[in-house]
Amino acid sequence: MTTTPPPAAHPASPATPGRDWRAPAAACTTVILWASAFVSIRSAGESYSPGALALGRLLAGTLTLGAILLVRREGLPSRAAWPGIIGSGLLWFGLYMVVLNWGEQQVDAGTAAMVVNVGPILMALLGARLLGEALPRRLVTGMAVSFAGAVVVGLSMSGHGSSSVLGVLLCLLAAVSYAGGVVIQKPALRHGSPLQITTFGCLIGTVACLPFTGVLVSEAADAPVSATLNMIYLGVFPTALAFTTWAYALARTTAGRMGATTYAVPALVVLMSWLLLDEVPALLTVAGGLLCLAGVAVSRSRARRDQAAGDPPAGAQQVPADRT
């Protein structure tokens, strides 16, 4: 028997201004955990191949999300949510994780950062085309500034590894699958809770990666404990928790604005690498990180000014557009 969350669980209305902090807090949680994932992927990727790492991460995420779903007794989402769950599960949870892991083994970190950061731009364009979302000038300007910052970070990190055409194409495919998965997921959030959509999307991705089971088992037998723990961390926190907080925030704003928020990730990766890995960033890298953060601030400033003027929250404005 399916269980559909009540309408009140979805985008906040102007009558509930006290809850406005929850969506930004959820988005910040996602960004911080996704930034931390780069440190863990670097460790786990030395012992696990791309497909095995993706499957191990998804298994840990699915088990964590499934346990939470059972405790909360949320059950299954409605039938209308399943096209978005299946699409995002295959594109974002499955394809994206495999090709990103593979691509990052073929190119240096700077090239990967530059190519993958095309994703938020594609997300905004797809959201405008397929979901009828607006593209405010401040959002476009902010994304341009952030992308420039990502390019600066990438250039400052390039030259410390090899690059290949295959690697660049894989990173580009990762960006496209990431953007497509998010845009497909957003309408599904009108028919199920963020926990439901994330749990079953992660399950779909896990099933899609099952062909890597044999490789995962053989590599786990030889991998050091630290690599396996990093893989489990990736599943529990940057996947189970961060994808759920992402879905919560996405249900309350546009795909374009959420995509712009992720441009804070390169700046946080630079900071975390400095603090956790003792990798002192170059001045050019720091400048690029600051540009990323400045762009995020610009892209989000319009929403704050609109709400101050008495307009309804962005999530409430976009509900009619999601019916297309």
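Scroll up to find the structure.
Every residue gets a number counted from 1 within its own chain, in the order that chain's sequence is written. Since the coordinates come from a predicted model, pLDDT governs what is reported: local features require at least 70, and pairs of side-chain atoms require 80 or more to be given and counted, while whole-chain, interface and lining totals use all residues. Hydrogens and waters are ignored; side-chain quantities use all the structure's heavy atoms.

*Asks:* I would appreciate a short explanation of the overall build of the protein chain in the present structure.
*Replies:* Under the scheme used here, helices are H or I runs from DSSP no shorter than 4 residues and strands are E runs no shorter than 2 residues, and both carry numbers assigned from the N terminus. The number of helices and strands found in the protein chain is 14 helices and zero strands. If you list the helices and strands of the protein chain from N to C, you get α-α-α-α-α-α-α-α-α-α-α-α-α-α. Only protein chains enter the accessibility calculation, which uses a 1.4 Å probe; a residue whose area is less than 20% of its type maximum is buried, one above 50% is exposed, and one in between is partly exposed. Counting every position in the protein chain, which comprises 324 residues, the buried fraction comes to 51%. Considering only contacts in the protein chain between residues 6 or more positions apart, those separated by 24 or more positions represent 92%. Accessible areas in this description were obtained via Shrake-Rupley with a 1.4 Å probe; residue shielding takes into account the shown protein chains only. When the accessible surface of the protein chain is split by element, carbon and sulfur atoms take 70% of a total near 14400 Å². Any two residues having at least one pair of non-hydrogen atoms within 4.5 Å are treated as being in contact.

*Asks:* Would you explain helix α1 (residues 22-44) in this entry?
*Replies:* Residues lying three or four places apart along an α-helix face the same way, a consequence of the helix completing one turn every 3.6 residues. The terminal C-alpha atoms of α1, which comprises 23 residues, lie 32 Å apart, in line with the 33 Å expected from a rise of 1.5 Å per residue. At F38, α1 shows its largest kink, close to 25°. Here the expected length of a helix is defined as 1.5 Å per residue gap, with one fewer gap than residues. Take the seven residues that end at a residue and the seven that start at it, fit an axis to each, and the angle between those axes is the bend at that residue.

*Asks:* Sorry, what's going on with unusual backbone geometry here?
*Replies:* Most of the time, phi is negative for any residue but glycine, and the peptide bond is trans. Notably, R73 is not glycine yet its phi reads approximately 55°, a positive angle. Along the polypeptide, R73 turns up in the loop between α2 (50-72) and α3 (82-106). Judged by its relative accessible area of 73%, R73 falls in the exposed class.

*Asks:* What am I meant to see in the nonpolar core here?
*Replies:* Soluble, globular proteins show a tendency: their nonpolar side chains are buried together. Nine residue types can take part in a nonpolar core, namely buried Ala, Val, Leu, Ile, Met, Phe, Trp, Tyr and Cys, and a core is a set of them joined through side-chain atoms within 4.5 Å. Ranked by internal contacts, the top residues of the largest apolar core, which has 74 residues, are W34, Y48, W92, M123, Y178, V182 and W246. Those residues in contact with Y48, other than ones at most four positions away along the chain, are L53, Q105, L216, E219, A220, A223, A227, T228 and M231.

*Asks:* What is the right way to read a nonpolar patch on the surface from this model?
*Replies:* A surface patch of nonpolar side chains, about 360 Å² in accessible area, is lined by V165, L169, L172 and V176. Mapped onto the fold, V176 is located in helix α7 (residues 165-188). Residue classification places V176 among the partly exposed positions, given a relative accessible area of 42%. Two distance rules govern patches: like charges are joined within 9 Å, and nonpolar side chains (Val, Leu, Ile, Met, Phe, Trp, Tyr) within 5 Å, applied only to residues with over 30% relative accessible area and no salt bridge. For salt bridges, the criterion is a side-chain nitrogen of Lys or Arg within 4 Å of an Asp or Glu carboxyl oxygen.

*Asks:* Help me understand the packing of α2 against helix α9 (residues 213-222), please; the structure alone is not making it clear to me.
*Replies:* What describes two packed helices is the angle between their axes and the distance between those same axes. Running from amino to carboxyl end, α2 crosses α9 at an angle of 90°, the nearest separation of the two axes being 8 Å. When the interaxial angle is binned, α2 and α9 end up roughly perpendicular. In contact with A52, L55, G56 and L59 of α2, α9 contributes T213, V215, L216 and E219. Here the residues of the contact of α2 with α9 sort into five nonpolar, two polar and one charged. Structural elements are reduced to axes, namely lines fitted to C-alpha atoms, with helices fitted over the stretch in contact, and the angle between N-to-C directions of any two is expressed from 0 to 180 degrees. Any angle that is under 35 degrees is reported as roughly parallel, and any over 145 degrees as roughly antiparallel; angles of 65 to 115 degrees are reported as roughly perpendicular and all others as oblique. As a working rule, the residues Ala, Val, Leu, Ile, Met, Phe, Trp, Tyr, Cys and Pro are called nonpolar, Asp, Glu, Lys and Arg charged, and the rest polar, with Gly in that last group.

*Asks:* What's the story with the environment of A242 in this structure? I'm lost.
*Replies:* Looking at the secondary structure, you find A242 in helix α10 (residues 225-250). A242 gets classed as buried once you look at its relative accessible area, which sits at 0%. Linking A242 and W34, residues 208 residues apart in sequence, is a C-alpha distance of 7.0 Å. Non-local contacts of A242, meaning those with residues more than four positions away in its chain, are made with T30, L33, W34 and F237.

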